[in-house]
Amino acid sequence: METEHAEKTHPIAGYISALVLAGLVFWLMAALNTNEKAIVGVPFLFAWAVISLIIFTRRGAGEEH
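Residues numbered from 1 in each chain as written. Predicted model: local features only at pLDDT ≥ 70, side-chain atom pairs only at ≥ 80, totals over all residues. Heavy atoms only, no water.

Draft legend 1. Quick look at the packing of helix α1 (residues 12-32) against helix α2 (residues 35-57). For the pair α1 and α2, the least separation of the axes is 9 Å and the interaxial angle reads 160°. On the basis of their axis angle, the class for α1 and α2 is roughly antiparallel. Crossing of α1 over α2 shows right-handed handedness. Judged by residue contacts, G14, Y15, A18, L19, L21, A22, G23, V25, F26, M29 and A30 of α1 engage N35, A38, I39, V42, L45, F46, W48, A49, V50, L53 and I54 from α2. (Axes fitted to C-alpha atoms, helices over the stretch in contact; angles between N-to-C directions. Helix = DSSP H or I, 4+ residues; strand = E, 2+ residues; numbered from the N terminus. Parallel < 35°, antiparallel > 145°, perpendicular 65-115°, else oblique. Left-handed = near helix turned anticlockwise from the far one by under 90°. Contact = heavy atoms within 4.5 Å.)

Structure follows, in structure tokens:
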């Protein structure tokens, strides 16, 4: 079925939800440990969120819709 709507290719909602999920994981780590220990993991959590979105939202060269 053909539609007249342009396909959205920007994963803004995905980035926001990944960062919120990373923030929730940080909050859980801070609740179970001290804040000093939890802050050490913050760069890794946010980097994981962004890198995973970059990896999983790339389109293959032969992928056509």
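Draft legend 2. Local environment of α2. For α2, with 23 residues, the first-to-last C-alpha span of 33 Å sits near the 33 Å given by 1.5 Å per residue. Along α2, the helix axis deviates most sharply at G41, where the bend reaches about 35°; the proline P43 sits within four residues downstream. (Expected span 1.5 Å × (residues − 1). Bend = angle between axes of the 7 residues up to and from the residue.)

Draft legend 3. Examining a nonpolar patch on the surface more closely. Taken together, the side chains of I12, I16, V20, L24, W27, L28 and L32 make up a nonpolar region of the molecular surface, amounting to roughly 770 Å² of accessible area. Mapping V20 onto the fold places it in helix α1. The class for V20 is partly exposed, based on a relative accessible area of 48%. (Patch = residues over 30% accessible without salt bridge, like charges linked within 9 Å, V, L, I, M, F, W, Y side chains within 5 Å. Areas by Shrake-Rupley, 256 points an atom, 1.4 Å probe, with all protein chains shown as cover. Salt bridge = Lys/Arg side-chain N within 4 Å of Asp/Glu carboxyl O. Buried < 20%, exposed > 50% of the residue type's maximum accessible area, 1.4 Å probe, protein only.)

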